[in-house]
Amino acid sequence: MINSTVKCGPYKPSHPSLDETDGRPMTNRFDHDTIGMIALDSEGAMAVGTSTNGKTFKIPGRSSDSALPGCGAFVDETVGGAVATGDGDIMMRFSPAFLAVELMRGGMSPTQAAEESIKRIASKYPKSLSGAIVAASKEGVYGAACYGMKTFPYSIRDSVDKSRTVIIDCLNS
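Everything quoted here is computed from the prediction, not taken from an experiment.

Colleague: Explain the pattern of salt bridges here, please?
Modeller: A complete count under the given rule lists 3 salt bridges for this structure. Residues R105 and E102 are paired through a salt bridge, measuring 2.9 Å at the closest nitrogen-oxygen approach. Of this pair, R105 and E102 both sit in helix α3 (residues 96-105), 3 residues apart, which is roughly one turn of the helix. Judged by relative accessible area, which is 42%, R105 ranks as partly exposed. The partner of R120 in a salt bridge is E116, with the nearest N and O atoms 3.2 Å apart. With R120 and E116 both in helix α4 (residues 110-124), this residue pair falls 4 residues apart, about one helical turn. Residue class for R120 comes out partly exposed when judged on its relative accessible area of 38%. It is possible to trace a salt-bridge network through shared partners that takes in D76, E102 and R105.

The rules behind each value
- Residues numbered from 1 in each chain as written.
- Predicted model: local features only at pLDDT ≥ 70, side-chain atom pairs only at ≥ 80, totals over all residues.
- Heavy atoms only, no water.
- Salt bridge = Lys/Arg side-chain N within 4 Å of Asp/Glu carboxyl O.
- Helix = DSSP H or I, 4+ residues; strand = E, 2+ residues; numbered from the N terminus.
- Buried < 20%, exposed > 50% of the residue type's maximum accessible area, 1.4 Å probe, protein only.

Purely geometric numbers; function is a separate question.
Have a look at this one:
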């Protein structure tokens, strides 16, 4: 049997990720390297994607939450899509992107769905969670929520406003 306090999270690595050139720490709990994308075209087709290197808590055998359906990203073209970033070992236990889409299916706005999804995680990990969720409906309405940080920036690109960055205040942080 694997000792979960040693081999899976949440855990404390024996040493931080180090820069190979000078040995200085390269990451901390506020570094989120995940890039999440929600795309909606003019015909209503939606897609989500995510990319991460999982560097902050990288240990041999660790699977990134970004690779797991519903954790890092999820889309249902009849409802909308969502992407998530944060401490993957905590986030993957809740499938936050899937939950946000299901909450939108139930009638919540993208902002409300993102807030409820991140609140569910924070209710179990109020001191250690650092994460964010961005959601968009099939109509192109978008919103986000974050926890464990002061603010969270995300970018929007559309045919009306072109590109812009939105900065939101995080919940209970």
